[in-house]
Amino acid sequence: MGTSPSITELFAQLASQLQLPIRERENEEEVINVSISKLNQSLNLNENPNSRVRVLDAALSLMCFKAPEVFDSVIEYLVKTIVSVLSSSVNCKVFRLQNEEFLLIGSASFGLNCVELVEMFNNVYAKLEGKGAFSHLLLRAVVKVAVLASRYQYPLPYVPILDVKSTEGRITALSKLHRHLPTELSLENEEIPSRMLFWYLDPLTLKQAVSKILLDTRERPFLCLSEEFHQRMEWRAIIICLVLSPVIFIKTRALLHNWFLKTGLAFVLELLVGIVSAILDVISRPTWWGISVELGSKLPFSCAYFPNKSHLLRILAGVFSTENFLLLVHATTEQVSLGREQLHPAIKPTAVEVASIDHKSLWALAVDFPDWFYFASILLFSEKSLQKNSQSQCTSEAPKVGEKQDKELLSTSAARYIAWILSPISKSNQGLLVDFLTKISESWALKQFGLAMHNNEAATFKKKLKKPKLHDKREDYALAKEYDCQTIGIWLNEIENTYLQYAANATINSSGSSDSNASNVLSLHQNVLLRRIPLGILIGSPNCITDDGCEVLLHYAATGRIFQPRETMTAGLRLVKQNSERQDLNTWMEKCSERDVLAGACLVFSLTDAVDNISASLFETEECGLDFIYQVKLKAGKYLLKCSKRLSQLNIDKDGDLMLRDLYSKLRRWRHQGQEILQLEKDIDDVIDDLSQKLSSS
C-alpha cells in the first residue's frame, strides 16, 4: 500500500509555504493591507475621518493580522493537520487464524512507503526547525508511525513475507531522521519520548548512544558519572528513558556486561556501575531528576529492572552490615552448589558455566555493586576488636542463615565472597582462592604481631637510655617509616609468590576438567581486583601503617608494581642503612609514567567514594562515619597529591587539558568529602592553584 495521497498533498503544501520567498510575502502583505483599507472605507459611510465608527475600527484592527503572522498560522495548522492524519492512521483490529484470534496493532496505511514518509519529513525539517515546537511535534508523529509500520507484505492471507528492499531503504532514511533528535527530553502529557521511539525503531541507535558515553568516559577518566548523568541534558535524557523502559535497560545492561566479559576493561564496568546506580537513584527520587510527582508515582519497582535476582537486589542495594554480608555469602554458596547439582549429562558444561556469569546471573548483579568487594576486604584484614563487634551485632540481629555460617569467622566469609567474585565458574578454584586469601590474612596478622613485639622491645630499651636529641628523634622517625615501607613491600612480594603457587595449582586442576575453557575468561579483571584486596587494610585499619606504607600499598594496587625506598637491617642496637637498587621514596614519582599516576589518582578517588558509601550505613552516628572517611583520606591524600602534581608536570597533548580540567573539579569535590584535612590543606591548595594556572594559560 502506498503513502496516502492526502499526506503527500499536505507535505507538498507545507513545503511550498516554507519555500515562499520573502519578497512575495511582502507583496502579499501590501495587497492584504490595501484590501483591509478599502474594506474599512466601505464600512465607514461617513466620509469625515473624525466621525468614524470606533467600535468597528477596533474590531477590524483585531482582525488585521500581518502577513508573517498569517503565514506562520498557515504552517501551524498544516503541521497540526499532518500530525492528526498520521495519528489517525494507527489502527487496531482482530483477525482469526486457525481458530485463534490475534490482535494486530500498527500503522498499515503507510506500511510499505514508510521510507517515503521519512524522506518527505527530511525535506521540510530544515526550514521548519526555526518555527518553534512544530518541528519536534512533527518529528514525534513521523517516528511513531515509522515504529508502528509493518516491514512485511501479505500476498496471501495472513502469510507475512519480509520486504528486504524496504528494510534497506528504511535504515538509510532513519539514519537521516536520527540527526534531528533533540538533546533535551520532553515528558509532556506523559508521551513516549522520541529518543525511546528511535531505540525501538532501530536498536543500533541505542548501542551508538551507549558507545558514545563509553568513549567519553574512557578519554576523561576523572569524570564524576553521578554528576554528569544529572547535569548533562543528553545523558540525563538517556537515563530517564532507560528508567521509563525496564526492557531497554535490561538490554543495555546486558550489552555493557557482555562488553566487559570480552574486554575486561575497568572503565566498561565503571560505566555499567554508574548507570545502575543512576537508575536506582531516579526510582528513589524522581523529582530531583526533573520527573513530575504524578509520573514518578507510576514508575516500576526496582525488581522490574532486575527480574532474575530481585530478592538479592535488596541486599546489594541496601545497608552495609555483617548481617547482609552473611546473607549475601550464603546466597552465593547456595548458587554454586545448586548449579553443580543440576548439571545434567546432556547439557554441555560450558553452557552452564557461561550462564553463571551472564547478565542474568547473581555474579553479574554483584559486580554492579563493587563496594561490597571493598567491604569484604575490610573484614578480611580487620582487627579482632572490629570483628568481635561485628559478629556480636550480627548474631543478635541477623536471622539464622545456617548454624555453621553463623559460627565461622567473618574473615572466612569475606574470603569466600572474594574468591567467588574472582572465580565464579570453578568451584575448585574458589577453594584454592579461599586458602590463598586466608594465608595472606594470617601473614598480615603475623607481620602486625612482629611489629608490635619489635615496638615493645624498643620502648623497653629506650627507658634505659638518656633522652635523645631532637636530631636523633627525627632520624629514628625516618628509619621507622622506611622499615614500614620495606615491611609492606616484603609482604606484597609474599602475596605474589603465594598467588603464583595458587595459579599453578589451578592450572593443574583445570587441565583435565571443563574449567579449562573458562578459567581465563576474567583473567584481566582478576588481576585488577587481586591487587585491590590489600586495600582492606587501609580502609579497616589505617593506623597500623604509615603514610609512606600507604603509598607503597596504593601504588601496588594501581599499577601492580611493588616499590621499596631503601633497605635496612638491624645489627644489635644500631640500624645500618644499605644502598638499594630501588629508587628513593621522595623521588620515585618523578620517574612515574602518565599511565601510572593516572591509575593512582583514579584509584584514590574511587576508594574514597567506596568508603563514603560504606560509612553512610556502617556507623550509628554521622560523626563516626565522617571520621572513618577522614582517616582514609588522610592516609591516601599524600599519594593522590603526588599523582596530581606529576600529571600537571607532564607534557600532555591538547586533549589532556580537558583531563586536567576534570582533575581540577575532582580534587575540589574530593576535598569536601567527609571532613576537610587540615594537615594537607596547604598542599591541596597548591595543587589546585597550579592546575588552575596551567589551565588558564593553555
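Residues numbered from 1 in each chain as written. Predicted model: local features only at pLDDT ≥ 70, side-chain atom pairs only at ≥ 80, totals over all residues. Heavy atoms only, no water.

Draft legend 1. Structural context of the overall build of the chain. Along its length, the chain carries 31 helices and six strands. Taken over 698 residues, the chain has a buried fraction of 44%. In the chain, the share of contacts with a sequence separation of at least 24, taken over all contacts with a separation of at least 6, comes to 75%. Only carbon and sulfur atoms are counted for the fraction: they give 54% of the accessible area of the chain, which is about 37700 Å². (Helix = DSSP H or I, 4+ residues; strand = E, 2+ residues; numbered from the N terminus. Buried < 20%, exposed > 50% of the residue type's maximum accessible area, 1.4 Å probe, protein only. Contact = heavy atoms within 4.5 Å. Areas by Shrake-Rupley, 256 points an atom, 1.4 Å probe, with all protein chains shown as cover.)

Draft legend 2. Inspection of the packing of helix α11 (residues 233-244) against helix α12 (residues 246-263) at higher detail. One way to put it is that α11 packs onto α12 with a least axis distance of 5 Å and a crossing angle of 115 degrees. Counted together, Leu 242, Val 243 and Leu 244 of α11 and Pro 246, Ile 248, Phe 249 and Thr 252 of α12 form the full contact between these two elements. (Axes fitted to C-alpha atoms, helices over the stretch in contact; angles between N-to-C directions.)

Draft legend 3. Region of interest: the pattern of salt bridges. Scanning all chains against the criterion turns up 16 salt bridges. In this structure, Arg 220 and Asp 662 form a salt bridge, with 2.7 Å as the shortest nitrogen-oxygen distance. Residue Arg 220 is found in the loop between α9 (203-219) and α10 (225-231), and its partner Asp 662 is found in helix α30 (residues 654-671); the two are separated by 442 residues along the sequence. Residue Asp 662 is classed as buried on the basis of its relative accessible area, which comes to 8%. Where Asp 686 meets Lys 682, a salt bridge forms, and the shortest distance between an N and an O atom there is 3.2 Å. Placement of the pair is Asp 686 and Lys 682 together in helix α31 (residues 681-697), with a separation of four residues, close to one helical turn. You can call Lys 682 exposed: its relative accessible area is 62%. Within this structure, Asp 216, Glu 228 and Arg 232 form a network of salt bridges that share partners. (Salt bridge = Lys/Arg side-chain N within 4 Å of Asp/Glu carboxyl O.)

Draft legend 4. Seen up close, the confidence of the model for the chain. Per-residue confidence for the chain gives a mean pLDDT of 74; residues scoring 70 or more make up 65%. Below pLDDT 50 for its whole length, residues 337-349 participates in nine contacts with residues either more than four positions away or in separate chains. With pLDDT under 50 throughout, residues 512-525 is counted as low confidence; its partners more than four residues away or in other chains account for 25 contacts. (pLDDT = per-residue confidence, 0-100.)

Draft legend 5. Summary view of the state of the cysteines. Under the defined criterion, the tally for this structure stands at zero disulfides. Cysteine Cys 550 is unpaired, with the sulfur of Cys 544 as its nearest cysteine sulfur at 8.0 Å. Look at Cys 550 and you get buried, because its relative accessible area is 0%. (Disulfide = S-S within 2.5 Å.)

Draft legend 6. Examining the side chain of Thr 252 more closely. With respect to the helices, strands and loops of the structure, Thr 252 is situated in helix α12. Apart from residues no more than four positions distant in its own chain, Thr 252 is found in contact with Leu 206, Val 210 and Leu 242.

Draft legend 7. Fine view of the environment of Lys 251. Note on placement: Lys 251 falls in helix α12. A sequence separation of 44 residues divides Lys 251 from Lys 207, and the C-alpha atoms of the two residues are 9.8 Å apart.

Draft legend 8. Structural detail: helix α29 (residues 622-649). Here α29 is 28 residues long and its end C-alpha atoms lie 38 Å apart, about the 40 Å a rise of 1.5 Å per residue gives. Along α29, the sharpest change in direction is near 45 degrees and occurs at Ala 636. (Expected span 1.5 Å × (residues − 1). Bend = angle between axes of the 7 residues up to and from the residue.)

Draft legend 9. Inspection of the side chain of Arg 220 at higher detail. The buried category is assigned to Arg 220, whose relative accessible area is 14%. In contact with Arg 220, other than residues within four places in its own chain, are Arg 232, Leu 658 and Asp 662.

Draft legend 10. Up close: the nonpolar core. Membership of the largest hydrophobic core comes to 146 residues, with the highest contact counts inside it found for Tyr 417 and Ile 533. Not counting the four nearest positions on each side in its chain, Ile 533 is found in contact with Phe 373, Ser 377, Leu 380, Phe 381, Ile 418, Leu 422, Leu 437 and Ile 440. With 36 residues, the next largest nonpolar core counts Leu 10, Leu 86, Leu 139 and Val 142 among its residues. (Core = buried A, V, L, I, M, F, W, Y, C linked by side-chain atoms within 4.5 Å.)

Draft legend 11. Inspection of the packing of aromatic side chains at higher detail. Applying the stated rule across the entire model yields 16 aromatic pairs. Here the aromatic rings of Phe 320 and Trp 372 are separated by 4.6 Å at their centres, their planes lie at 35 degrees, and the arrangement is tilted. You can see Phe 320 sitting in the loop between α15 (310-316) and α16 (322-341) and its partner Trp 372 sitting in helix α19 (residues 371-381), a full 52 residues away along the chain. Each member of the pair, Phe 320 as well as Trp 372, is classed as buried. Note on Phe 320 and Phe 375: the rings are 5.9 Å apart at their centroids and 45 degrees apart in plane angle, and the pair reads as tilted. Of this pair, Phe 320 sits in the loop between α15 and α16 while Phe 375 is found in helix α19, placing the two residues 55 residues apart along the sequence. Phe 375 gets classed as buried once you look at its relative accessible area, which sits at 3%. An aromatic cluster of three or more residues is present, and its members are Phe 320, Phe 325, Trp 372, Phe 375, Tyr 417 and Trp 420. Here the guanidinium or amino end of Arg 232 rests over the ring plane of Trp 235, the centre of that ring lying 4.1 Å away. One residue, Lys 633, lies across the ring of Trp 670, its end atom 4.7 Å from the ring centre. (Phe/Tyr/Trp six-rings, centres within 6.5 Å; stacked < 30°, edge-to-face > 60°. Lys NZ or Arg CZ within 6 Å of the ring centre and 35° of its normal.)

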